[in-house]
Amino acid sequence: MQYPHGRDSQLDLIRGVAILGIVFLNVFGFAIPSWYSFDLHWHQQAISDLDLWLYDLQQLFLQGRFRTLLTLLFGVSLWLVANPLLLENNADKIDRQQQVRRRYLGLAIFGFCHISFFWTGDITLWYALSALLLLAFGFLKLPALSQWRLGITLILITVLFNYAVTWVTMFGDPSVNVGLSAEEILAEQEFQQGPILAIWQQMLSENLLGFAGFSFYLCWLNIGTMLLGISLYRQGFFQRGMKRWQEILLLSIAVSFDSFGLLADSGQNFVNFWYDFSALLMALVFCSWLVKWCCICRLSLWLQLAGQMALSLYFLQTLLLLVWFRVLQPDWYANSERWQLMLLASGVAVFSLSFAVIWRNFFKTGPLEWCWRKFYQTPPKPEPLIG
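### Concerning the packing of helix 1 (residues 9–21) against helix 14 (residues 310–328)
Direction vectors running N to C along helix 1 and helix 14 enclose 10 degrees, while the axes themselves pass 10 Å from each other. When the axis of helix 1 is compared with that of helix 14, the two are roughly parallel. Mapping the contact onto sequence places Arg15, Ile19 and Leu20 in helix 1 and Ala310, Leu313, Tyr314 and Gln317 in helix 14. Along the lines of polarity and charge, the residues of the contact of helix 1 with helix 14 split into 5 nonpolar, 1 polar and 1 charged.

See below:
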């Protein structure tokens, strides 16, 4: 199912940047034990100045930004696909509604396989379930202003929930800020090279916790951000962007929130109660910058191709990182400097972009996008027999 009026090159460009940028955060989920993957002090050794500097830059300009970009765009794509059905009133409407639901059911199946057998940090399953809930609630029928209000409300609720959970975690169990010892790191390394069944069982337990987190927190954050993306699209944001003073204001607020969190943290594990809020503000600024990017060059065209193959590239990144940490360089697991992981992420991003460009020279769509489309597209009805 294509968008009603073909693909939007601006949306593809933003999606391409987001899918390549998210690997700079996901690499830590593969390289460090999951409970500590976003912490600075995940071990008890001394932290170098370079690690601290890179960590601060990551928290200020990367953390959560690209995930939020993808969530905004996911809401927009949902609107572009489903909105025509709200305006139709014909015999095929029910069939097309079922096709839209199969579209996100198929994505949920992809995500379920990804999260169950490859990586517990998957987001496609949660996106698909959020889209199905959004369709079931009928929020797409709301006026743009109502979608804006509801989206902001849900985001603020999840921010407050995050505040409460973080507060209880910090003061209820002070030991959570204690990093892994050398013996624990060695045990983690041996575990990652051990039986696949044991690793799968650990993934299963993490996924159960992830589902609980989705039900109480991530679901409402996703729905709120998707609604916000839909409302912004309907108001022309993805065509015009923001004014310069609005960009400066949102960027200043986001950096101020995160800078305050880093300064108040005094070198301990980063704590920012308003993390989701600041990530949203900076994601909107990034969107505006990319919308105004008028340079017609090879890079912009390549990024558009990457955006059109976002699902395939997302799974490709998982495959590349698993091969690196499980096969090629198992010693890197829980034993890498931050600059090494950022360099590795750069290589994965370049490889992913190159793969997209080469693949699209031979095929019209990405491999997983083709499989996904085959799943949800309805075969044409046979012509009735005459006579």
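### Comments concerning the confidence of the model for the protein chain
Per-residue confidence for the protein chain gives a mean pLDDT of 84, with 86% of residues at or over 70. Confidence drops under pLDDT 50 across residues 1–5; counting only partners more than four residues distant or on other chains, this segment forms 16 contacts. For residues 172–176, every residue scores under 50 in pLDDT, and the model assigns this stretch 4 contacts once sequence neighbours within four places are set aside.

### Re the packing of aromatic side chains
Per the stated rule, a full pass over the model turns up 18 aromatic pairs. With a centroid separation of 6.4 Å and 40 degrees between ring planes, the pair formed by Tyr233 and Phe238 is classed as tilted. On the basis of relative accessibility, which here comes to 18%, the residue Tyr233 falls in the buried class. With a relative accessible area of 1%, Phe238 lands in the buried category. Grouped by ring-pair contacts, the aromatic residues Phe66, Phe286 and Trp289 constitute a single cluster.

### Some words on the pattern of salt bridges
Applying the stated criterion across every chain, the model contains 5 salt bridges. One salt bridge in this structure joins Arg67 and Asp276, with 3.5 Å as the shortest N-O distance. In this pair, Arg67 is assigned in helix 4 (residues 65–87) and Asp276 in helix 12 (residues 275–291), connecting sequence segments 209 residues apart. There is no split in this pair, since Arg67 and Asp276 are both buried. Via salt bridges that share partners, Arg244, Glu247 and Lys292 belong to a single interconnected network.

### Side note on the layout of surface pockets
The computed volume of the second largest pocket comes to approximately 610 Å³. For the second largest pocket, the lining is made up of 30 residues, of which Arg15, Ala310, Leu311, Glu369 and Trp372 are closest to its centre. Mapped by element, the contributors of at least two residues to the lining of the second largest pocket are helix 1, helix 4, helix 5 (93–117), helix 6 (124–137), helix 13 (298–308), helix 14 and helix 16 (367–376). Grouping the amino acids of the lining of the second largest pocket by side-chain chemistry returns 16 nonpolar, 7 polar and 7 charged.

### Concerning empty space enclosed by the protein
A complete count under the given rule lists 2 cavities of 30 Å³ or more for this structure. Its boundaries defined by the atoms lining it, the largest cavity holds a volume of some 50 Å³. Mapped by element, the contributors of at least two residues to the lining of the largest cavity are helix 4, helix 9 (196–234) and helix 12. Broken down by element, the lining of the largest cavity gets its largest block of residues, 3 residues, from helix 12. Within the lining of the largest cavity, the residues separate by chemical class into 4 nonpolar, 2 polar and 2 charged. Of the volumes computed, that of the second largest cavity is approximately 30 Å³. What lines the second largest cavity is simply Asn26, Phe30, Trp119, Tyr314, Gln317, Thr318 and Leu321. The set of elements that each furnish at least two residues to the lining of the second largest cavity consists of helix 2 (23–31) and helix 14.

Here is what the cut-offs are and how they apply
- Here the residue numbers are simple positions, counted from 1 along each chain's written sequence.
- With the structure being a predicted model, the display of local features is reserved for residues of pLDDT at least 70 and the display and counting of side-chain atom pairs for 80 or more, all residues being used for whole-chain, interface and lining totals.
- Just so you know, side-chain values use all the structure's heavy atoms and leave hydrogens and water out.
- Each axis is a line fitted through C-alpha atoms, taken for helices only over the stretch in contact, and angles between the N-to-C directions span 0 to 180 degrees.
- Helix and strand assignments follow DSSP, with helices taken as H or I runs no shorter than four residues and strands as E runs no shorter than two, numbered in order from the N terminus.
- These descriptions rest on fixed angle ranges, namely under 35 degrees for roughly parallel, over 145 for roughly antiparallel, 65 to 115 for roughly perpendicular, and the rest for oblique.
- Residues count as neighbours in contact if any of their non-hydrogen atoms are within 4.5 Å of one another.
- Amino acids outside the nonpolar list (Ala, Val, Leu, Ile, Met, Phe, Trp, Tyr, Cys, Pro) and the charged list (Asp, Glu, Lys, Arg) are all regarded as polar, and Gly is one of them.
- A residue's pLDDT is the predictor's confidence in that residue, given on a scale from 0 to 100.
- A pair of Phe, Tyr and Trp rings is counted when the ring centres sit within 6.5 Å of each other, with Trp represented by its six-membered ring. The angle between the planes then sorts it: under 30 degrees is stacked, over 60 is edge-to-face, the rest tilted.
- Only protein chains enter the accessibility calculation, which uses a 1.4 Å probe; a residue is then buried when its area is under 20% of its type maximum, exposed when over 50%, and partly exposed in between.
- Here a salt bridge means any side-chain nitrogen of Lys or Arg lying within 4 Å of a carboxyl oxygen belonging to Asp or Glu.
- Definitions used for this entry: grid spacing 1 Å over protein atoms alone; cavity, a set of points where a 1.4 Å probe fits but cannot get out; pocket, an open set with protein on both sides within 12 Å along at least 5 of 7 lines; lining residue, one with an atom within 4 Å of a point.
- Grid points are joined across faces, edges and corners, and a volume is the space filled by probe spheres set on the points.

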